[in-house]
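Structural characterization, general
Here is how the chains run, residue by residue.
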Amino acid sequence: MRILIKNGRLVSYNSKELIKVDILIINETINRIEFALDVDADIIINATGKLIFPGFIDVHTHLREPGFPHKETILSGTRAAAKGGFTTIFCMANTSPVVDNTDTYKLILEKSANEGKIKVLPVGAITKGLMGKELSDMLGMKQLGAIALSDDGHTIKNTQLMREAIELAGNLNLKIIDHCEDSYLANHGSMREGSCAEKLIIRGIPAETEDIIVARDIILAELTGVPIHLAHISSKGSVELIRRAKANGVPITAEVTPHHLVLTELDVTLTDTSTKCNPPLGTDSDRSALIAGIKDGTLDMIASDHAPHAKYEKNVAYEKAPFGMIGLETSVPLVIDRLVHKGLLDWFDLYRVYYLNAAIAFGLPSSGLFPGSIADITIIDQTKKVEISKAFLESKAENSPFLGLVLMGCATEAFVNGKLVLQDGKVI
């Protein structure tokens, strides 16, 4: 198969240029990148005015399979990822059974290979059953290709066990992804503690719930010398802690979600439980700190924390609803519309946070696009408007606070191993 991409603008991170190019893909790899190519091809993609990136990576999603196919499946979740322009995603271990052993890990690998639209990298559990008491079969999952471990949704309270996990993971060249939440201080709250929670009469969660565990993990990373990745950072205090730690050479990386970059506690209403997420939406001061953290490199990646739930599960009283919102389809359009078009981020920032930093932190190919490289490619049309509607979504779930929004900028094409999986905004 020969595919020719014509007249696109390659986002060159090193030179900070948008370079007009044609790209010839033959089978799985990029064959040529030149200013103008006049060659035969089976498929020609007109990318005039569009931006060409290495394939986007989302390091934090929940595909819910096995165990919860009423929420999402590997097929529907990877279709949602392709729709959003992602070519590689990590899926978390909080399935049923939990991904804490080789049998379950192998099951997800096989289903992803057979049914997935894009590349799926399962994240194994740190502890058996996510219980925080006994370490999982790290070595077995590593031998099957695991690159990361997480008890996402839970924090290991036993700091000695966490140290042992970090050190063993380091010896196996596995990255720990930590969910930073002091559950005792969270005290079964449902939104950020403060005046908004008081007005809505909802039990609040202090920002320090996150900050305390971020501080602990920074200390452990410094103590062990082993890199740790911090999931879904949401507070100004955490950003400041991570910034100081990085300045001191502590091996820490961190991610932030699109919803924490564009929403605040003021967006919470009792009638829309899709705004209930963990960590909860913060203040405008938090949001500004998160954006600044992305811009200056304190925060390394944008990750969706795509957390689908069935409609009936969310259609309950706010405090009884499960945490989480979907985000694979909306991540890139939100960031382009609300941050890039407003001058808060630029296209080179997107290159960092949706590709480069994830590739480096987790040991994935990070050389970008060049002749001979695997053709994982995301093409963005910064002028295309999309309405976030039920018809737009590929996910089985609809728990998004962004339904009804019209956003400017989205992925229109995506290639995985040279195979076109998204064309003109439609999943193939």
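Below is a summary of the structure that appears in this document. Just so we're clear, the structure is a prediction, and the values are computed from it rather than from any experiment.

Sheet architecture is open: three strands sit in the order β6-β7-β8, paired in parallel fashion. Each having just a single partner strand, β6 (56-61) and β8 (119-122) make up the two edges of the open sheet. Averaged over all pairs of adjacent strands, the angle between strand axes in this sheet comes to 20°, irrespective of strand direction. By the bridge criterion, four bridges tie β6 to strand β7 (residues 86-91) in an arrangement that is parallel. In the sheet register, T61 faces β7, and the bridge partner there is C91. Here helix α13 (residues 347-361) sits on the sheet and contacts β6 and β7; the angle it forms with β6, its principal contact strand, is near 70°.

Time to look at the packing of helix α4 (residues 159-171) against helix α7 (residues 208-224). It is at 10 Å that the axes of α4 and α7 come closest, and there the two elements cross at 50°. Of the possible angle classes, the one that applies to α4 and α7 is oblique. Every pair of crossing elements has a handedness; the one defined by α4 and α7 is right-handed. Here T159, M162, R163, I166 and E167 of α4 come into contact with α7, specifically with R216, D217, L220, L223 and T224. In terms of residue class, the contact of α4 with α7 is made up of four nonpolar, two polar and four charged.

Here we take up the state of the cysteines. In total, this model carries zero disulfides according to the counting rule given. Distance from the sulfur of C277, which forms no disulfide, to the nearest cysteine sulfur (C196) is 14 Å. On the accessibility criterion, C277 (3% relative accessible area) is buried.

Overall, parallel pairing links the five strands, which are arranged β9-β10-β13-β14-β15 in an open sheet. In this open sheet, the two strands that pair with only one neighbour each are β9 (148-149) and β15 (301-302). Alignment of β9 against strand β10 (residues 175-178), held across two bridges, turns out to be parallel. When the sheet's bridge partners are listed, A148 is paired in β10 with K175.

Bringing the pairing of β7 into the picture now. Burial of β7 is extensive: six of the six residues sit out of reach of the surface. Once the chain exits β6 it traverses helix α1 (residues 74-84) before rejoining the sheet at β7, and the crossover so formed is right-handed. With four bridges connecting them, β7 and β8 associate as parallel partners. Bridged to F90 within β8 is L121.

In terms of nonpolar packing, the biggest core is built from 118 residues, with F53, L230, I233, L299, Y354, F362 and I380 touching the most fellow members. Broken down by element, the residue count for this core peaks at eleven residues, all from α13. Sequence-distant contacts of L299, that is, excluding residues within four places in its chain, are made with I233, V239, I242, A254, V256, L290, G293 and I294. I5, L10, I52 and F415 belong to the second largest nonpolar core, which has 16 residues in total.

A few words now on the side chain of D211. Structurally, D211 can be placed in helix α7. Of the side chains bearing the opposite charge, R192 lies closest to the buried D211, which forms no salt bridge; the N-O distance is 7.0 Å. There is a polar contact of 2.8 Å between the side chain of D211 and the side chain of S238. Sequence-distant contacts of D211, that is, excluding residues within four places in its chain, are made with S235, G237, S238 and L241.

Helix α2 (residues 102-115) packs onto α1 with a crossing angle of 60° between their chain directions and a minimal axis gap of 10 Å. As judged from the angle between their axes, α1 and α2 are oblique. Remark: the crossing between α1 and α2 carries right-handed chirality. Residues I74, L75 and T78 of α1 pack against I108, K111, S112 and E115 of α2.

Parameters at a glance
Residues numbered from 1 in each chain as written. Predicted model: local features only at pLDDT ≥ 70, side-chain atom pairs only at ≥ 80, totals over all residues. Heavy atoms only, no water. Pairing = 2+ DSSP bridges. Helix = DSSP H or I, 4+ residues; strand = E, 2+ residues; numbered from the N terminus. Axes fitted to C-alpha atoms, helices over the stretch in contact; angles between N-to-C directions. Contact = heavy atoms within 4.5 Å. Parallel < 35°, antiparallel > 145°, perpendicular 65-115°, else oblique. Left-handed = near helix turned anticlockwise from the far one by under 90°. Nonpolar A, V, L, I, M, F, W, Y, C, P; charged D, E, K, R; others polar. Disulfide = S-S within 2.5 Å. Buried < 20%, exposed > 50% of the residue type's maximum accessible area, 1.4 Å probe, protein only. Right-handed = clockwise from strand over helix to strand, strands pointing away. Core = buried A, V, L, I, M, F, W, Y, C linked by side-chain atoms within 4.5 Å. Lys, Arg positive; Asp, Glu negative; His and termini not counted. Salt bridge = Lys/Arg side-chain N within 4 Å of Asp/Glu carboxyl O. Polar contact = N/O pair within 3.5 Å; in protein donor to acceptor, adjacent residues only side chain to side chain.

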